[in-house]
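Okay, here's what each chain looks like letter by letter:
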Amino acid sequence: MSQTFGSESPRAHTQTSHRKPARYLVVIDSGGFVLARLFLDSREQVAEFDAGTEEAAQMMAGLIPTEGADGAEWDRALEGHSAAERRAAQVYTLDV
């Protein structure tokens, strides 16, 4: 008969590096559906969700967006969007 009774003890915590914080929030129309897309400072996408959510509103609160994401720095990140969608996009720079 085992004398261990219950769960085993938790293992020692190992330190791992955290994911970099998002730097840009891009609000863009995608075929009639407005998306909020989060990007790192390298313009790598880390999240995408409905721009009408409460979380999106909280992230945008108090920030003034830049109109348009049609610069060369956004070409790869937003390649699936039309030129008109990119021109109408709002780019928020998040406080890190």
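Above: the structure in question.
This one's a predicted model, so the numbers in the text were calculated from it and none came from an experiment.

Rules behind the numbers
- Residues numbered from 1 in each chain as written.
- Predicted model: local features only at pLDDT ≥ 70, side-chain atom pairs only at ≥ 80, totals over all residues.
- Heavy atoms only, no water.
- Phe/Tyr/Trp six-rings, centres within 6.5 Å; stacked < 30°, edge-to-face > 60°.
- Helix = DSSP H or I, 4+ residues; strand = E, 2+ residues; numbered from the N terminus.
- Lys NZ or Arg CZ within 6 Å of the ring centre and 35° of its normal.
- Salt bridge = Lys/Arg side-chain N within 4 Å of Asp/Glu carboxyl O.
- Buried < 20%, exposed > 50% of the residue type's maximum accessible area, 1.4 Å probe, protein only.
- Pairing = 2+ DSSP bridges.
- Lys, Arg positive; Asp, Glu negative; His and termini not counted.
- Polar contact = N/O pair within 3.5 Å; in protein donor to acceptor, adjacent residues only side chain to side chain.
- Contact = heavy atoms within 4.5 Å.

Student: Pulling in residues and values, what's your account of the packing of aromatic side chains?
Tutor: As enumerated under the stated definition, the model contains two aromatic pairs in all. Ring plane angle 75° and centroid distance 5.2 Å describe the contact between Phe 39 and Trp 74, whose orientation is recorded as edge-to-face. Of this pair, Phe 39 sits in strand β2 (residues 33-39) while Trp 74 is found in the loop between β4 (66-67) and α2 (83-88), placing the two residues 35 residues apart along the sequence. Every member of this aromatic cluster is reached through a ring pair, and the members are Tyr 24, Phe 39 and Trp 74. The positively charged end of Arg 43 is found above the aromatic ring belonging to Trp 74, 4.6 Å away from the centroid.

Student: So what about the pattern of salt bridges? Which residues, and what values?
Tutor: Evaluated as defined, the whole model comprises two salt bridges. With a shortest N-O distance of 3.3 Å, Glu 48 and Arg 37 are connected by a salt bridge. With Glu 48 in strand β3 (residues 45-50) and Arg 37 in strand β2, the pair connects residues that are eleven residues apart, well separated along the chain. On the basis of relative accessible area, Arg 37 is assigned to the buried category, the value being 10%. Between Asp 75 and Arg 86 there is a salt bridge whose closest N-O contact spans 2.9 Å.

Student: I'd like to hear about the pairing of strand β1 (residues 24-30), residue by residue, with values.
Tutor: Where burial is concerned, most of β1 is hidden: five out of the seven residues are buried. Between β1 and β2, which pair antiparallel one after the other, the connecting turn spans two residues, and Gly 31 there sits at a positive phi close to 65°. The pairing of β1 with strand β5 (residues 90-93) spans four bridges and is antiparallel. Across the sheet, residue Val 26 finds its bridge partner in β5, namely Val 91.

Student: Break down the side chain of Glu 85 for me, with residues and values.
Tutor: By the secondary structure assignment, Glu 85 is in helix α2. In this structure Glu 85 is buried but unpaired, with Arg 37 as the nearest side chain of opposite charge at 8.1 Å. Here Gly 31 takes part through its backbone nitrogen, which lies 3.1 Å from a polar atom of the side chain of Glu 85. Every residue in contact with Glu 85, bar those within four places of it in the chain, is listed here: Ile 28, Asp 29, Ser 30 and Gly 31.

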